[in-house]
Amino acid sequence: MNRPETLGFANITGKDMDEEKLVTYPTEAFLSREYLAAEKRLLWPKVWQMVERVEDFPDVGDWMTYNVADESIIVMRVADGNSAEAFRAFHNVCPHRGRQLISVPDGVHSVRGKNRTNFVCGFHGWTFDTDGNNTYLLDPQDWHHKLTPEMTCLSTVKLDLWGGFIYINMDPDSVSLKEWMGRCGEILEYFEFDKMRYKWRQWAVYPCNWKVAIEAFLEPYHISGTHTQLLAYGDYYGASQQYGWHSVSKYDTREEKFKMAQSSGTVRAGKGDDARVSTYELIRENYETVMNTASTETLVNAAKRLVDELPETATPAECIDHWLKSAKADDAARGVIWPEIPPEIQAESGLAWGIFPNQNILHGVTFASPAYRVRPFGDDPDKCIFEAYALERFPEGEEPETEWVECERSEKEWGPVLMQDFSNMEFVQKGMKSAGFRGPLPNPHQEQKVVNLHRNLANFMEGRGAPTLLDVQD
Ligand code: FES
Ligand SMILES: [Fe+2]
């Protein structure tokens, strides 16, 4: 698989995006049933996809299904250790007459289990070991003993690990996961996601296309219009940048005194003259209204103490510096050791990464939250499976036990900020169907992650839905 620029389908290039050229793209990727069907052929079988966290498979014999579009993949731990070799992935289908080996009813998140030593098909009893080899089939003589092991084994799927996540790719010719993650992977490795654990995880079937759902979380440009209550605490000017397949959003700042290595992410001073107070208020408001994400209890508590520990004259930079030092010490005292992140990596890492095609992860030094994954739901372009989760570093032995919980759309389950995002998603899906909609006009500076999603989708989708330059360039 080549780099996006060389595939020749998309009408715009990474350079066009870096130059912040004005673009638009058609709406068929969101609305067309036929496009959704084409994704099953052209997109999902070709891309690396996150399946689950490694720690969800503590014991040999732990297994689950990962379901996307019409595909179902069985992932299983076959040995101890945290390397890809300890896992296997197979298409969830029996080579005899095509029954799913593991029954996956419509609408379930995943099917999981433990202590598996083989797979027995429920239809005619063909049996497979955990390497996918057929170990039993009834009456082989009826095939005149001409069935070969290659004909009767399970179909394997490529699997690799990154950041404590298990990824699969159904395309045997795909690039490696390392190459796929590219610079995005290199930067985020400094944050040691593999040492984090789920704090919570929940999902819902949502009435919009999966792209509308992920796009609602890709850019901070919407904060001023959607999360208006947050404006009391901070300035929300954003920036974004494409990194090939993936892309990053950042907080930008119009005021020089707020600029520092950390300020492109969540560690920044809020509005107001007293930086001690505003730094705390900004982070507390975000933390409490976004389901205890975008920070940690340690960071919030350390920010709260700024007013006691620093003089009123402290500058935003001094506040951030002191805040991070004391939070780092607080965490160290409870056994959570921060990774060392060079300032230039911190600055480049920004706020949140859109990982093509269907993930977005907001990261910090000891957390990756909120993070999102979306998938299509059935054959309906107006529906998707929406998942949100929070990862955090915990002292050893204090990691919470979590599982995927299906949650109805209510403020109680999702908090006020996500409910505000949800309120857009459904009505973007409806609004784009209007004959009066002339096509999206994404912000070239702040919404590159959205544009990049469509640019890369077009590369997989044989050019369909490709962004084009607006006819207003110099
Ligand atoms: S379909 Fe699986 S044994 Fe027949
Ligand atoms: Fe939002």
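Not measured: the values here are computed from a predicted model. (Residues numbered from 1 in each chain as written. Chains lettered and ligands numbered in written order. Predicted model: local features only at pLDDT ≥ 70, side-chain atom pairs only at ≥ 80, totals over all residues.)

Draft legend 1. Quick look at the overall build of the chain. The helix and strand inventory of the chain stands at 15 helices and 20 strands. For 474 residues, the compact-globule estimate of 2.2 N^0.38 gives 23 Å, and the C-alpha radius of gyration of the chain, at 24 Å, lies within 12% of that figure. Across its three principal directions, the C-alpha atoms of the chain cover 90 × 60 × 40 Å. Taking as baseline every contact in the chain between residues at least 6 positions apart, the subset at least 24 positions apart corresponds to 67%. (Helix = DSSP H or I, 4+ residues; strand = E, 2+ residues; numbered from the N terminus. Rg over C-alpha atoms; globule rule 2.2 N^0.38 Å. Contact = placed C-beta atoms within 7 Å.)

Draft legend 2. Expanded view of the domain arrangement of the chain. One can read the domain layout of the chain as domain 1 (1-45 + 180-272 + 328-474) and domain 2 (49-173). On a C-alpha basis, the centroid separation for the pair domain 1 and domain 2 is 30 Å. Tallying the contact residues gives 20 residues for domain 1 and 13 residues for domain 2. Within the residue set of the side of domain 1 that touches domain 2, elements represented by two or more residues are helix 4 (33-42), helix 6 (177-189), strand 12 (197-206) and strand 17 (367-377). No other element matches helix 6, which puts four residues into the side of domain 1 that touches domain 2. In terms of residue class, the side of domain 1 that touches domain 2 is made up of ten nonpolar, two polar and eight charged. (Domains from an automatic or database assignment. Nonpolar A, V, L, I, M, F, W, Y, C, P; charged D, E, K, R; others polar.)

Draft legend 3. Up close: the nonpolar core. Counting residues in hydrophobic clusters, the biggest one holds 119 residues, and the most contacted among them are Ile 74, Val 75, Ala 89, Ile 168, Ala 213, Cys 384 and Leu 391. Inspection of this core shows a minimum of three residues originating in each of domain 1 (1-45 + 180-272 + 328-474) and domain 2 (49-173). With near-sequence residues (within four places) excluded, Leu 391 lies in contact with Phe 193, Met 196, Arg 197, Tyr 198, Lys 199, Phe 367, Ala 368, Ser 369 and Ala 371. (Core = buried A, V, L, I, M, F, W, Y, C linked by C-beta atoms within 7 Å. Buried ≥ 20, exposed ≤ 12 C-beta atoms within 10 Å, placed from the backbone.)

Draft legend 4. The environment of Lys 449, seen in detail. Within the element layout of this structure, Lys 449 appears in helix 15 (residues 448-460). Along the sequence, Lys 449 and Leu 147 sit 302 residues apart, while their C-alpha atoms lie 49 Å from each other. Discounting residues that sit within four places of it in the chain, Lys 449 has contacts with Leu 218, Glu 219, Ser 240, Ser 247, Ser 249 and Gly 354.

Draft legend 5. Spotlight on helix 15. Here helix 15 contains 13 residues, and its C-alpha end-to-end distance of 18 Å stays within 8% of the 18 Å for a straight helix at 1.5 Å per residue. With 13 of its 13 residues buried, helix 15 lies for the most part within the structure. Backbone geometry just after helix 15 places Glu 462 at a positive phi near 55°. (Expected span 1.5 Å × (residues − 1).)

Draft legend 6. Fine view of the sheet that holds strand 19 (residues 405-406). Read from one edge of the open sheet, eight strands run 13-14-15-16-17-18-12-19, paired in mixed fashion. Each end of this open sheet is capped by a strand with a single partner; those strands are strand 13 (238-243) and strand 19. In this structure, strand 12 lies alongside strand 19, joined through two bridges in parallel fashion. In the sheet register, Gln 202 faces strand 19, and the bridge partner there is Val 405. (Pairing = 2+ DSSP bridges.)

Draft legend 7. Highlighting the packing of helix 9 (residues 275-289) against helix 10 (residues 297-304). Two numbers describe how helix 9 lies on helix 10: the axes approach to 8 Å, and their chain directions differ by 150°. In terms of axis orientation, helix 9 runs roughly antiparallel to helix 10. Helix 9 and helix 10 meet at a crossing whose hand is left-handed. Between helix 9 and helix 10, the contacting residues are Thr 279, Tyr 280, Ile 283, Arg 284 and Tyr 287 on the first element and Leu 299, Val 300, Ala 303 and Lys 304 on the second. (Axes fitted to C-alpha atoms, helices over the stretch in contact; angles between N-to-C directions. Parallel < 35°, antiparallel > 145°, perpendicular 65-115°, else oblique. Left-handed = near helix turned anticlockwise from the far one by under 90°.)

Draft legend 8. Up close: the sheet that holds strand 9 (residues 134-136). Taken in spatial order, the three strands make up an open sheet running 7-8-9, and their pairing is antiparallel. In the strand order of this sheet, the two ends are held by strand 7 (118-120) and strand 9, each with one partner. For this sheet the average axis-to-axis angle between neighbouring strands, irrespective of direction, equals 30°. As defined by bridge partners, strand 7 adjoins strand 8 (residues 127-129) across three bridges and the pair is classed as antiparallel.

Draft legend 9. Structural detail: unusual backbone geometry. Residue Pro 357 follows Phe 356 across a cis peptide bond; omega there is 0°. With respect to the secondary-structure elements, Pro 357 resides in the loop between strand 15 (352-355) and strand 16 (359-363). The residue after Ser 369, namely Pro 370, is reached through a cis peptide bond having omega -5°. You can see Pro 370 is positioned in strand 17. You will see that Ala 69, though not glycine, has its phi angle at about 50°, which is positive. Topologically, Ala 69 is positioned in the loop between strand 3 (63-68) and strand 4 (71-77). According to the C-beta neighbour criterion, Ala 69 is partly exposed, with 19 such atoms within 10 Å.

Draft legend 10. Seen up close, the environment of Asp 59. When you line up the elements, Asp 59 lands in the loop between strand 2 (49-53) and strand 3. A tally of 9 C-beta atoms within 10 Å means that Asp 59 is categorised as exposed. Spatially, the C-alpha atom of Asp 59 lies 8.5 Å from that of Val 78, the residues being 19 residues apart in sequence. With near-sequence residues (within four places) excluded, Asp 59 lies in contact with Arg 77 and Lys 114.

Draft legend 11. Summary view of helix 10. Among the residues of helix 10, those classed as buried are Thr 298, Leu 299, Ala 302 and Ala 303. Seen along its axis, helix 10 keeps its buried residues to an arc of 130°; they face one direction. (Arc of directions from axis to C-beta.)

Draft legend 12. Seen up close, the pairing of strand 12. Bridge count between strand 12 and strand 18 (residues 380-392): nine bridges; the pairing is antiparallel. Paired with Arg 201 across the bridge in strand 18 is Tyr 389.

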